[in-house]
Amino acid sequence: MVVKVDHIGIAVSSLEESLKLYTDALGMTLHGTETVEEQKVKTAFLPLGETEIELLESTAPDGPIGKFIESRGQGIQHIAFRVDDIEAALAELKAKGIRLIDEKPRYGAGGAKIAFLHPKATNGVLIELCQRD
Ligand code: ZN
């Protein structure tokens, strides 16, 4: 079902501050930033080989990233697996009894279709499915 690690999502307090580490120190290239209002988040994408690092800064304290940093601090927030057909993948997981946060895909940064599995169904790891056309 899943074909590769699409990206790793990292919650940060400040994109500007964090980007210094990923670009200046680690030598990665910033591919772009995007604000996804619906999720109250500003994202920065840094491609790395077959995958990407996605930095996530909250635009509001009550957003999912704001709440994550409030309770757990900065750090790895989710791992995203690429799928070819997200609707089919969600239907298959549901049929297998896996609890989902999103039963239908929603808009993700970069025009991707994304959906999250419930962390209670995944041993505490927030797993995102991601389809890019
Ligand atoms: Zn993501």
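All values reported here derive from a predicted model rather than from experimental measurement.

A. View of the environment of I79. Residue position: I79 is located in strand β5 (residues 75-83). The class for I79 is partly exposed, based on a relative accessible area of 23%. A sequence separation of 66 residues divides I79 from S13, and the C-alpha atoms of the two residues are 19 Å apart. Filtering out sequence-adjacent residues up to four positions away, I79 remains in contact with V5, H7, V125, L126, I127 and E128.

B. Fine view of the environment of M28. Tracing the sequence through the fold places M28 in the loop between α1 (15-25) and β2 (32-36). Note: C-alpha distance between M28 and L48 (20 residues apart in sequence) is 7.3 Å.

C. Structural detail: the side chain of S58. Tracing the backbone through its elements, the reader meets S58 in strand β4 (residues 51-58). A distance of 2.5 Å separates the side chain of S58 from the backbone oxygen of A60, its partner in a polar contact.

D. Quick look at the coordination of the zinc ion. Protein-derived coordination of the zinc ion comes from H7 (NE2), E54 (OE), H78 (NE2) and E128 (OE), at a distance range of 2.0 to 2.4 Å. Mapping the donors of the zinc ion onto the primary sequence yields the spacing H-x46-E-x23-H-x49-E. Taken together, the residues H78 in strand β5 and E128 in strand β8 (residues 127-131) connect sequence positions 50 residues apart.

E. Broad picture of the pairing of strand β3 (residues 41-48). Sheet topology places β2 next to β3; five bridges connect them, and they run antiparallel. When the sheet's bridge partners are listed, V36 is paired in β3 with V41. Connecting the antiparallel pair β2 and β3 is a turn made up of four residues, with K40 showing a positive phi of about 50°. Bridging between β3 and β4 involves eight bridges; their strand directions are antiparallel.

F. Summary view of the layout of surface pockets. As a volume, the largest pocket reaches approximately 550 Å³. In terms of lining, the largest pocket is formed by 33 residues, of which the most central are I65, Q77, H78, F116 and L126. At five residues, the largest contribution of residues to the lining of the largest pocket is made by helix α2 (residues 64-72). Here the lining of the largest pocket is built from residues that sort into 20 nonpolar, seven polar and six charged.

G. Spatial organisation of helix α3 (residues 86-95). Looking only at α3, the buried set comprises I86, A89, L90 and L93. An end-on view of α3 places all buried positions within 95° of arc, on one side of the element. Between the side-chain oxygen at the start of α3 and the backbone nitrogen of E87 there is a gap of 3.3 Å, and the oxygen is on D85. In the segment just after α3, G97 is the residue with positive phi, at about 85°.

H. The arrangement of the side chain of E54 in detail. With respect to the secondary-structure elements, E54 resides in strand β4. Within the buried core, E54 has no salt-bridge partner, and the shortest N-O distance to an opposite charge, that of R132, equals 6.2 Å. Within the local environment of E54, its side chain forms a polar contact with the side chain of H7, the two groups lying 3.1 Å apart. Ignoring anything within four residues of it in the chain, the contact list for E54 reads H7, I8, G9, I10, T43, A44, F45 and H78.

Basis of the calculations
- Residues numbered from 1 in each chain as written.
- Predicted model: local features only at pLDDT ≥ 70, side-chain atom pairs only at ≥ 80, totals over all residues.
- Heavy atoms only, no water.
- Helix = DSSP H or I, 4+ residues; strand = E, 2+ residues; numbered from the N terminus.
- Buried < 20%, exposed > 50% of the residue type's maximum accessible area, 1.4 Å probe, protein only.
- Contact = heavy atoms within 4.5 Å.
- Polar contact = N/O pair within 3.5 Å; in protein donor to acceptor, adjacent residues only side chain to side chain.
- Donors = N, O, S within 2.8 Å, 3.2 Å for Na, K, Ca; no water.
- Pairing = 2+ DSSP bridges.
- 1 Å grid on protein atoms, 1.4 Å probe; cavity = no way out; pocket = protein on both sides within 12 Å on 5 of 7 lines; lining within 4 Å.
- Points joined across faces, edges and corners; volume = space filled by probe spheres on them.
- Nonpolar A, V, L, I, M, F, W, Y, C, P; charged D, E, K, R; others polar.
- Arc of directions from axis to C-beta.
- Lys, Arg positive; Asp, Glu negative; His and termini not counted.
- Salt bridge = Lys/Arg side-chain N within 4 Å of Asp/Glu carboxyl O.

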